[in-house]
Amino acid sequence: MIDKNIEEFILSRSDTFIVPAKNVAVLYAEHNIAHAKLLLSQYKYSRVPVLNTQKEYIGVLGLTEIVEFEMEHDFFYEKSQNTTISEIVNKEVPTLRPSVTLEEIMNKLIKEPFLPVVKGQEFIGIIVRQEILKAYNAFSHDFTKYYEITKRN
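Residues numbered from 1 in each chain as written. Predicted model: local features only at pLDDT ≥ 70, side-chain atom pairs only at ≥ 80, totals over all residues. Heavy atoms only, no water.

A. Highlighting the environment of Val50. Examined against the element boundaries, Val50 turns out to sit in strand β3 (residues 47-51). In this view, Val50 contacts Leu27, Tyr28, Ala29, Glu56, Tyr57, Ile58, Gly59, Val60, Leu61, Ile85 and Val89; residues no more than four positions away in its chain are not counted. (Helix = DSSP H or I, 4+ residues; strand = E, 2+ residues; numbered from the N terminus. Contact = heavy atoms within 4.5 Å.)

Next up, the structure:
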């Protein structure tokens, strides 16, 4: 369990760690693989959330999933234009609720660069590991400006 003073300090470094959906690059399930590769490589994203036409969260997709799929199915460029990403989207990435605790964020972000935040199936945004690390960096530098730490015997 995270100490309440530490949690309060970390959380004070951001109104919310959630990057709103309107500020997140996403793919839609009906996009083809060629489009996904272009978006991921052009903007240098490792992976992005995938939504359906109702803007509901489906999963994530990255170049790793694309390359693995192409290698399994002996892909070539024309085929990637005719295959939708809904066939290869990764649905195993954990999600968070908007009212998530810092402890839950920390536990789930260990293996992921970001975590989708959903309310039901509605895509709210993402929590990015980099933002949490920035807050912990501030903690390591500034915590003693506000709190005194004493070692227990």
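B. Spatial organisation of the environment of Arg13. By secondary structure assignment, the location of Arg13 is in the loop between α1 (4-11) and β1 (18-20). The class for Arg13 is partly exposed, based on a relative accessible area of 34%. For the pair Arg13 and Glu65, spaced 52 residues apart in the sequence, the C-alpha separation amounts to 34 Å. When near neighbours in sequence (up to four residues on either side) are disregarded, Arg13 contacts Ala135, Ala138, Asp142 and Tyr146. (Buried < 20%, exposed > 50% of the residue type's maximum accessible area, 1.4 Å probe, protein only.)

C. Examining the packing of aromatic side chains more closely. Applying the stated criterion across every chain, the model contains seven aromatic pairs. Judged by centre distance (5.5 Å) and plane angle (85°), the ring pair of Phe9 and Phe143 falls under edge-to-face. Linking Phe9 in helix α1 with Phe143 in helix α6 (residues 129-146), this pair joins segments that are 134 residues apart in sequence. Look at Tyr136 and Phe139: their rings are 6.1 Å apart centre to centre, the planes differ by 75°, and that puts the pair in the edge-to-face class. With Tyr136 and Phe139 both in helix α6, this residue pair falls three residues apart, about one helical turn. Through pairs of rings, three or more aromatic residues link up here, namely Phe9, Tyr136, Phe139, Phe143, Tyr146 and Tyr147. (Phe/Tyr/Trp six-rings, centres within 6.5 Å; stacked < 30°, edge-to-face > 60°.)

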